[in-house]
Amino acid sequence: MSLIKSELLEILVCPADKADLVELKKEEKLECTKCGRKYPVRDGIPVMLIDEAEMPKNPRKNKNEMEDTHIDQELPPEVKD
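The model shown is predicted, which means the values in this text are computed figures rather than measured ones. Along each chain, residues carry numbers from 1 onward, in the same order as the chain's sequence is written. The predicted nature of this model means local features are confined to residues of pLDDT at least 70 and side-chain atom pairs, given and counted, to a pLDDT of 80 or more, with totals for whole chains, interfaces and linings taken over all residues. Side-chain descriptors were evaluated using all non-hydrogen atoms of the structure, hydrogens and water having been removed beforehand.

Caption draft 1: Spatial organisation of the sheet that holds strand S2 (residues 29-32). Any two strands with at least two DSSP-identified bridges between them are counted as paired. A run of DSSP states H or I qualifies as a helix once it reaches four residues; a run of E qualifies as a strand once it reaches two. Both are numbered from the N-terminal end. The 4 strands lie next to each other as S1-S2-S3-S4, forming an open sheet whose pairing is antiparallel. Each edge of the open sheet carries a strand with a single partner, namely strand S1 (21-24) and strand S4 (45-46). Bridge count for S1 against S2 is 4 bridges, and the pairing is antiparallel. Among the inter-strand pairings, Glu23 is bridged to a residue of S2, identified as Leu30.

Caption draft 2: A look at the nonpolar core. Buried residues of nine kinds, namely Ala, Val, Leu, Ile, Met, Phe, Trp, Tyr and Cys, make up a nonpolar core once their side-chain atoms join them within 4.5 Å. Only protein chains enter the accessibility calculation, which uses a 1.4 Å probe. A residue is then buried if its area is under 20% of the maximum for its type, exposed if over 50%, and partly exposed in between. Formed by 13 residues in total, the largest nonpolar core has its most connected members in Leu21 and Leu30. Of all the elements in the fold, those that place two or more residues in this core are S2 and strand S3 (38-42). Look past the residues within four positions of Leu30 in its chain and what remains in contact with it is Ile4, Leu9, Leu12, Leu21, Val22, Glu23, Arg37, Lys38, Tyr39, Val41, Pro46 and Met48. Contact definition: two residues touch when any of their heavy atoms are within 4.5 Å.

Caption draft 3: Quick look at the pattern of salt bridges. Any Lys or Arg side-chain nitrogen located within 4 Å of an Asp or Glu carboxyl oxygen qualifies as a salt bridge. For the coordinates displayed, the defined rule picks out 3 salt bridges. We note a salt bridge from Glu27 to Lys38, for which the minimum N-O separation is 3.2 Å. With Glu27 in the loop between S1 and S2 and Lys38 in strand S3, this pair connects stretches of sequence that are 11 residues apart. What makes Glu27 partly exposed here is its relative accessible area of 38%. Among the salt bridges present, the one from Glu52 reaches Arg42, with a minimum N-O distance of 3.1 Å. In this pair, Glu52 sits in the loop between S4 and helix H2 (63-71) while Arg42 sits in strand S3, placing the two residues 10 residues apart along the sequence. On the accessibility criterion, Arg42 (44% relative accessible area) is partly exposed.

Pasting the structure below:
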């Protein structure tokens, strides 16, 4: 059984970065697919307040941050030509 109605989950986004959310049924939370914040669901009502969100223990890197980590790496000689 879902924590919230599927129609509601389809339109909800993380208030911090506007990314999609996924249900964590055992934890009774909605997790942001981008930043990893977890928003509680209380009595079937998602609490979408940034101050109420649980911050991830290991923050996820977004696509731009992951690409930036490779910019400073030296290219192999065959790629430089």
